[in-house]
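Fold and geometry: a report
Each chain, written out:
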Amino acid sequence: MSYRPHITNVTKASSNDKEGLYEFIIKLADGTECRAFYHRFPEWKMTNISRLLKTPCPVCRKDFICKCMESFTADFEGQMLGDEWIDKAIAE
């Protein structure tokens, strides 16, 4: 069975409104937390994503830095834009 990330909550960690740069903390259904960086102009685009080192990676089970979450960028972007997580996080 392949891994499917499912976003349960998103919070805004920091932002630079003038430059259109945003940092979000994404919580997944399996307990994994990720940090995602977005650029707003001309439209929302994820520039980087990394797993926070609180739990082992659900894909490779490493307990240290890995780049597994980068392969799911399309899944994350689809959920972030489709479920309007970005708008909800910015509104808080």
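Residues numbered from 1 in each chain as written. Predicted model: local features only at pLDDT ≥ 70, side-chain atom pairs only at ≥ 80, totals over all residues. Heavy atoms only, no water.

Considering the packing of aromatic side chains
For the structure shown, the criterion picks out 6 aromatic pairs. Each ring, one from Y22 and one from W44, has its centre 5.1 Å from the other, and the planes form 55°; the classification is tilted. In this pair, Y22 is assigned in strand β2 (residues 21-28) and W44 in the loop between β3 (33-39) and β4 (45-51), connecting sequence segments 22 residues apart. For the residue pair Y22 and W44, the accessibility class agrees, reading buried in each case. Aromatic ring contacts, followed pair by pair, group Y22, F24, Y38 and W44 into a single cluster. (Phe/Tyr/Trp six-rings, centres within 6.5 Å; stacked < 30°, edge-to-face > 60°. Helix = DSSP H or I, 4+ residues; strand = E, 2+ residues; numbered from the N terminus. Buried < 20%, exposed > 50% of the residue type's maximum accessible area, 1.4 Å probe, protein only.)

Let's talk about helix α1 (residues 73-82)
Along α1, the residues that are buried comprise F76, E77, Q79 and M80. Buried residues along α1 cover an arc of 165° about the axis, so they all sit on one side. Exposed side chains of α1 directed beyond 90 degrees from the buried face belong to A74 and G82. Close packing links the buried residues of α1 with β1 (7-16), β2, β3, β4 and α2 (85-91). Within two residues after α1, E84 carries a phi angle of roughly 55°, on the positive side. (Arc of directions from axis to C-beta. Contact = heavy atoms within 4.5 Å.)

Structural notes on unusual backbone geometry
Note: most residues except glycine have negative phi, and most peptide bonds are trans. Cis geometry is found at the peptide bond from F41 to P42, where omega equals 0°. Inspection of the secondary structure assignment puts P42 in the loop between β3 and β4. Of note in this structure, R61 is not a glycine but carries a positive phi near 65°. Tracing the chain through its elements places R61 in the loop between β4 and α1. On the basis of relative accessibility, which here comes to 60%, the residue R61 falls in the exposed class. Its identity is not glycine, yet E84 carries a phi of approximately 55°, on the positive side. Mapping E84 onto the fold places it in the loop between α1 and α2. Classification of E84 by relative accessible area gives partly exposed; the value is 47%.

Concerning the nonpolar core
Residues F24, I26, Y38, F76 and M80 are the most contacted members of the largest nonpolar core, which totals 20 residues. Secondary-structure elements contributing two or more residues to this core are β1, β2, β3, β4, α1 and α2. In terms of residue count, β2 provides more of this core than any other element does, 4 residues in total. (Core = buried A, V, L, I, M, F, W, Y, C linked by side-chain atoms within 4.5 Å.)

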